[in-house]
Amino acid sequence: MSDNRLFLLYDASFDEMDAEGCPGFGYVLLFSADDVEQFQPGENPECAAVSMLFTDHADGSISGDLLGWAHVDAAIFQDYPLGQFLVLMEQAAQVAINAYRQVGQVPDKLVAVNLPDDELLQFDVQFNDLQLTEQQTEQQLAQQLMLGRPYLDS
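All values reported here derive from a predicted model rather than from experimental measurement.

## Remarks on the overall build of the protein chain
Then, in step 1: Across its full length, the protein chain carries four helices and seven strands.
Then, in step 2: Shown N-terminal to C-terminal, the secondary structure of the protein chain runs as helices and strands in the order β-β-β-α-β-β-α-α-β-β-α.
Then, in step 3: Counting over 154 residues, the protein chain shows a buried share of 40%.
Then, in step 4: Counting contacts in the protein chain only where the partners sit at least 6 residues apart, residues at least 24 apart contribute 54% of the total.
Then, in step 5: As displayed, the protein chain offers around 9,100 Å² of accessible surface, 48% of which is attributable to carbon and sulfur atoms.

This is how it looks when you write it as structure tokens:
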């Protein structure tokens, strides 16, 4: 089975607030599970990577910004068109910010998988240490996240 997954890891070292005090969350895009194992937040990656900032604006809008590339001469950057980065970034920003809005915690990892229609990505949203309230079960949380349809909101 070929691994067509892309990994976005939360890296708080990129976090910032905009001029209105709205939170922005830093993510690093990695291209393989091996790279994920080697990644250390706050340090320059030793593999091909792209850093991004996802911002939750006061007016309810969500934005994604490319911050930079690591190892821009890597082969993956020759094979992966810029337009696909932009689509991935836009969709990942929607997923991450909507998950944050719904549970009050930034997702630690997003795993993106291309669906048969190349324009669509499916995201697996992962929290390392999700703290649920006593009234909230994991099933309720899953239903809440699905109702929000964070992968489709714009």
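Read on for the rest.
## Looking at the pairing of strand β5 (residues 62-70)
Then, in step 1: As judged from the eight bridges shared by strand β4 (residues 49-56) and β5, these two strands associate in the antiparallel manner. Residue pairing for β5: D56 is matched across the bridge by I62.
Then, in step 2: Hairpin connection from β4 to β5: five residues lie between these consecutive antiparallel strands, with G60 at a positive phi of about 95°.

## Overview of the nonpolar core
Then, in step 1: Core analysis: the largest hydrophobic core is formed by 27 residues, its most contacted members being L8, Y27, L29, F54, L88 and F123.
Then, in step 2: Elements that contribute at least two residues to this core include exactly β1 (5-10), β3 (23-30), β4, α3 (82-103), β6 (109-114) and β7 (121-126).
Then, in step 3: For this core, the element with the most residues is α3, which contributes eight residues.
Then, in step 4: Leaving out residues up to four positions away in the same chain, L8 has contacts with Y27, V28, L29, M52, F54, L88, A92, D108, K109, L110 and F123.
Then, in step 5: Among the nonpolar cores identified, the runner-up in size contains 10 residues, and L30, F39, A70 and V111 belong to it.

## Some thoughts on the environment of A75
Then, in step 1: With respect to the helices and strands, the residue A75 is situated in helix α2 (residues 75-79).
Then, in step 2: With relative accessibility at 53%, the residue A75 sits in the exposed group.
Then, in step 3: Measuring from C-alpha to C-alpha, the distance between A75 and A48 comes to 8.7 Å, with 27 residues separating the pair along the chain.

## Focus on unusual backbone geometry
Then, in step 1: We note that H71 has phi near 60°; this positive angle belongs to a residue other than glycine.
Then, in step 2: Examined against the element boundaries, H71 turns out to sit in the loop between β5 and α2.

## What to know about the pattern of salt bridges
Then, in step 1: Applying the stated rule across the entire model yields one salt bridge.
Then, in step 2: Between D56 and R101 there is a salt bridge, with its nearest N and O atoms 2.6 Å apart. Of this pair, D56 sits in strand β4 while R101 sits in helix α3, placing them 45 residues apart in sequence.

Criteria and thresholds
Residues numbered from 1 in each chain as written. Predicted model: local features only at pLDDT ≥ 70, side-chain atom pairs only at ≥ 80, totals over all residues. Heavy atoms only, no water. Helix = DSSP H or I, 4+ residues; strand = E, 2+ residues; numbered from the N terminus. Buried < 20%, exposed > 50% of the residue type's maximum accessible area, 1.4 Å probe, protein only. Contact = heavy atoms within 4.5 Å. Areas by Shrake-Rupley, 256 points an atom, 1.4 Å probe, with all protein chains shown as cover. Pairing = 2+ DSSP bridges. Core = buried A, V, L, I, M, F, W, Y, C linked by side-chain atoms within 4.5 Å. Salt bridge = Lys/Arg side-chain N within 4 Å of Asp/Glu carboxyl O.

Note that all results are geometric; they support no functional claim without further evidence.
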